[in-house]
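# Fold and contact review
Chain by chain, the residues run as shown.
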Amino acid sequence: SPPLPHSDTSSDEGERRDEQEKHKEKMGKKTLADVIQEMKTFLWNSEKRECMGRTAQSWGLILLFYLIFYMFLAGMFSFCIYGLLLTLSPYTPTYRDRVSPPGVMIRPYLHGFTIAFNVSEPSTWTPYVNSMHHFLQAYDDNVQEEKNIECPAGQYFVQDGTESEEKKACQFKRSQLQNCSGIEDPTFGYSTGQPCILLKMNRIIGYRPGYGTPVSVNCAIQKGNESALKSVDFYPGNGTFDLMYYPYYGKLTHVNYTSPLVALHFTDVKKNDFVPIQCRLNGEGIVNNVTNDRFLGRIIFTLSIGM
Amino acid sequence: EEKYTTSISKGLTSARAAEILARDGPNALTPPKSTPEIIKFLKQMVGGFSILLWVGALLCWIAFGIQTAQGVASAFDNLYLGVVLALVVILTGIFAYYQEAKSTNIMASFSKMIPQQALVIRDGEKKEVPAEQLVVGDMVEIKGGDRIPADIRLIFAQGCKVDNSSLTGESEPQSRSCDFTHENPLETKNIAFYSTTCLEGTATGMVINTGDHTIIGRIASLASGVGNEKTPIAIEIEHFVHIVAGVAVSIGVLFFIIAVSMKYKVLDSIIFLIGIIVANVPEGLLATVTVSLSLTAKRMAKKNCLVKNLEAVETLGSTSIICSDKTGTLTQNRMTVAHLWFDDQIYSADTSEEQTTQSFDQSSQSWAALSKIVTLCNRAEFKPGQENVPIMKRVVVGDASETALLKFAEVILGDVMGIRKRNRKLAEIPFNSTNKFQLSIHETEDPNDKRFLLVMKGAPERILERCSTIMINGEEQPLDRERAEAFQTAYMELGGLGERVLGFCHLYLPEDEFPDTYPFDTDSMNFPTSNLCFVGLLSMIDPPRSTVPDAVSKCRSAGIKVIMVTGDHPITAKAIAKSVGIISANSETVEDIAKRLNIPVEQVNKQDARAAVINGMELKDMTTEQLDEILINHSEIVFARTSPQQKLIIVEGCQRQDAVVAVTGDGVNDSPALKKADIGIAMGIAGSDAAKNAADMILLDDNFASIVTGVEEGRLIFDNLKKTIAYTLTKNIAELCPFLIYIIASIPLPIGTITILFIDLGTDIIPSVALAYEKAESDIMNRRPRHKKKDRLVNEQLAVYSYLQIGILQSVGAFLAYFTVYAEQGWLPNTLLGLRVNWEDDYYNDIEDSYGQEWTRYQRTYLQWSGYTAFFVSITIQQVADLIIRKTRRNSIFQQGLLRNKVIWVGIFSQIAIALILCYGLGSVTALNFTPLRVQYWFVAMPYAILIWVYDEIRKLFIRQYPGSWWDKNMYY
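From a predicted model like this one, the values you see are computed outputs, not experimental measurements.

Cut-offs applied
- Residues numbered from 1 in each chain as written.
- Chains lettered and ligands numbered in written order.
- Predicted model: local features only at pLDDT ≥ 70, side-chain atom pairs only at ≥ 80, totals over all residues.
- Heavy atoms only, no water.
- Helix = DSSP H or I, 4+ residues; strand = E, 2+ residues; numbered from the N terminus.
- Buried < 20%, exposed > 50% of the residue type's maximum accessible area, 1.4 Å probe, protein only.
- UniProt positions renumbered as here; feature names shortened; annotations may be inferred.
- Expected span 1.5 Å × (residues − 1).
- Arc of directions from axis to C-beta.
- Contact = heavy atoms within 4.5 Å.
- Polar contact = N/O pair within 3.5 Å; in protein donor to acceptor, adjacent residues only side chain to side chain.
- Pairing = 2+ DSSP bridges.

With omega at -5 degrees, the peptide bond leading from S100(A) into P101(A) counts as cis. Its location among the elements puts P101(A) in the loop between α3 (56–87) and β3 (104–107). Put simply, R107(A) and P108(A) share a cis peptide bond, and its omega is 0 degrees. Position of P108(A) among the secondary structure elements: in the loop between β3 and β4 (114–118). For Q178(A), which is not a glycine, the phi torsion comes out positive at approximately 50 degrees. By the element assignment, Q178(A) lies in the loop between α5 (141–147) and β5 (196–201). Although it is not a glycine, M525(B) sits at a positive phi angle of roughly 50 degrees. Note on placement: M525(B) falls in the loop between β19 (500–509) and β20 (532–541). By relative accessible area, which is 33% here, M525(B) ends up partly exposed.

Residue and element names in this part refer to chain B. Sites flagged by UniProt as "transmembrane region" (unreviewed entry) map to residues 46–67, 79–98, 240–264, 270–293, 798–821, 904–923 and 935–951. Secondary structure over residues 46–67 splits into 86% helix and 0% strand, and the C-alpha atoms at its two ends are 28 Å apart. Secondary structure content for residues 240–264 is 88% helix and 0% strand, while the C-alpha to C-alpha distance between its ends is 32 Å.

Moving on: helix α32 (residues 902–921) of chain B. All names here are of chain B. With 20 residues, α32 should cover 28 Å at 1.5 Å per step; its first-to-last C-alpha distance of 27 Å lies within 8% of that length. Along α32, the residues that are buried comprise I904, G907, I908, S910, Q911, A915, L918 and C919. The arc that holds the buried residues of α32, viewed along the axis, is 165 degrees, so those residues lie on one side. Turned more than 90 degrees away from the buried face of α32, the exposed residues are K902, F909 and I917. Residues of α32 that are buried make contact with α24 (704–745), α25 (753–763), α26 (765–770) and α30 (857–885). Taking the backbone nitrogen of V903 as reference, a side-chain oxygen 3.0 Å away marks N901 as the first, capping residue of α32.

This part covers the pairing of strand β9 (residues 261–269) of chain A. All names here are of chain A. In terms of burial, β9 is a largely internal element, 8 of the 9 residues being buried. Here β5 runs beside β9; their pairing, made up of 5 bridges, is antiparallel. Bridge pairing in β9 places L199 opposite V262.

Next comes the structure, spelled out in structure tokens:
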């Protein structure tokens, strides 16, 4: 009959197992030197003349393969992009649904929408004034007269003809901004605590704002005491964007196009306080109340004029 | 017996029993200590990629903290992202925990079998109590068929035999009496052990040990001391996690440094780092792997392999050595008549599982005589009420040989009980080890024949001694030397087949000497027991299962070595090994060669012998090196006469050869070996609870062939996991590239972190699970088992092919879609380059595009989301192609069939449906960063999807055409 398990033999065997396991553990643990040696062999195995597990020939082949593979991919990708560009018109993007209705921006723009200065300290407002002057250079009367034509006001300036034909742009002279033109008062009112702010509607190719009725601008306190903003003057006209400046035909053909502006002259704003102001565009097709986009058809900025 | 304060006749009092019960605890084995649930849960929370994601979440919150302090408007995005990442970790953790708990429950339900009852004498009365409540000192009554409820010292025994096989591995029944015969409790005859079974007879005894104090309990606790080996798939997954985490961290850190040196703000760089981590980590993959494994586990359960531990599914597939038991696993576990010898001729009997007739020549008169002896000289009986049960399945009261003879007779003659009734038994001497024969005297059924028939069976040489004549063709002939030699030859031949041989003889008692009323006395033996007439030999064996030879040859072609480990005699073991193909027909052992060449065993070159039969005694004296040598040199090995303790040594020997070892076992004493093995397989029917506890897998039908099916499933799941991982890794590059290009080329971000999560945990989940349903490729059972250390789940080829080829292809396709969306909205590719800083400037609300149009910040963001959606859709579309190419690694898709795996199509449709829902259904939910996409953008990446498929077909074609070539080595994963 087979040997029966005695309790003592089994414990013997148990001990032997333990020993073996200990031995195995010892074998399993590599010293740091071993690891470094292994790494060295991996990086350069002089015996087999292998670098990182491959011979020079093997590396050559694999690199060649990937060179060809990636060159093929790059070629195919370029070809696809080329094909894509062929389908695009250079004058008008295929879709304009994401860029319209138009957004609104202001000048001066010094990274941020808080215009804070102290009348008595010119250094606090000169940057704003410089920004305005710089921006308005393109609107200098002589530049406009030289490059652009006078258009009949009150109607869209539609230019028929082929798409590739160069389009004419209508004059928007700096002088139209009157008190905010910076011609009579080169400080745009900043030195007197009555700052001018220019409002610009984003350009969209082919867009006709207001569908025949000019878009106008109004400004109000965004929240808080209404009396903080007593009066605003709008130039030109009553703060409207004249139809003749639209539609825009795109950078390529409408080279000298200058966006029409509306100047806001804050003649009586509460001083020494942060006054949040929201200016909206009003007109048919204009959207100015989307929560997510606070620059769509409106703009919010803060005036803080110290005396 | 006062030591136990009990009384032999009255037993314990109930009060005293309760007292002892309180002291010793219930009579049950304590289950192995289990880890507390909360620890298990926390382990899931920090395992795998979770750490990386936690770091990502933490970085998000740090970024959020800093940004809020700086008053950045978009700071909350980071808070949300952090929360989402944390949620992802927690959800996948919960999922993995749930899966594990579910599989544990299966096992738990398995071990909760019907509570055992014991008949105990307490307060002077016999009572049925649950076996768990037995205490030391209880008097217990046992009868045939009972499981011994505790370690018991017998006080009264009558024909009691126990089956100790679950304890010692001996398959022979052991008789038990009240005599103290040996110092060692295991050897003495008056102790019956817990968990063994009483085969026949009755006994009364006193409980001396309960629960963990029993011999079995001690062995079981020894088993729990042997450490569990890490499963191969666990190692593989760890390896894979390391690779991916390594790539993620190194790319992350590299680009963090690049970003910082490119004068990005540190905070921005941290946000890039998060993006890179999220893009690189396949969040859904570990959950997918779990699901795939449990699907396979379910499938295996259907095929009678119950898997206790999910990862064991794959372990079985990488098995390179199976150490199999003989009894019950390779064989049918029942003695069956295999050969007959009468009329100087050997006849073979049918030994298959479902025999209904026997086809050998039954016309001889000798057979008639022999069959009569077989029928009458037999004490085994069918349990009543089994008339409709097939003969082979009927339950018999009696020992194994008698059962075999009874069934054999029943199959041929039918209604054995009726024959016995007609031939009334007058006297009987049961088998005992001194006589080595069994004898009975009967009336004959022929009313004209008044003679009595004396029938005898027993050890052939003993029977022959008692005979003077031999029956040939129904005629009694003198038993001369020639006849005796013929007998010897037949006896040796049958014995050489490893069969247990019994001799049969009879004698018609003369009517005149033994009249009707003759008083037969078995003690004084007042009847002849010599000069009998020898009739024939019958040999019995526990025959191999019919499915086993096929399964063994399947193992062989799959490169798996099958080693037989048995407690049986070497000759029997070798015979069975030969008949099932463990030792193939033309291979020889050292001894065979020695015999053939007629030289001493020592002179034989051991390399010449393919097969080896090792005796347990030899094994005992072997050193580790010698054992290793045997395991290496011989491909066909049988270990005979081994004790279960030696099984452990054999397993360890195999594991030293770097083999993945599967071990089968049923006895309690097998449990250390089962634990030590890479995969322990317990027998569902014959297995003891301790073995089932120690095992990783339970064979519900105890059939070796089921192991082979399991191996196939295991290999399949390994292949399929490879495919799943390859599929999942591919798109990680398509998710990562956008970040890298975003940092380097300063383009608007092509895909957002949230969107990436929607791919990883949304569109990609069902397809990657679907790959688990993929059918096997044609070569699955014809290749070698995978090498534990060389054939990794994620090897260099897989990573390189997925990352640097298909992944890059996908990225290019997705970028094409991205550039298309932007270009058609007015942002040409050249404008986009270097645009990032202005693009992301919240104050810059009139950026000019390529056409001179001016965009607000939000308009740009919305366009950016459209870009995300286009990128997402393109990845999804290309993942469909990726899914299809991953169906096979070597065969063409057309060989594999596109429609054979229907679940893949479910995957593809789900993928597209989820993408559609995200794009059009949830496109208005701003937090998700999806926008309704123009229909044509769905098709932009289509050429690249087709390219992926064509390229992969070409790859597979070259692999098939040029095996072993440079291409095969570098492209086959």
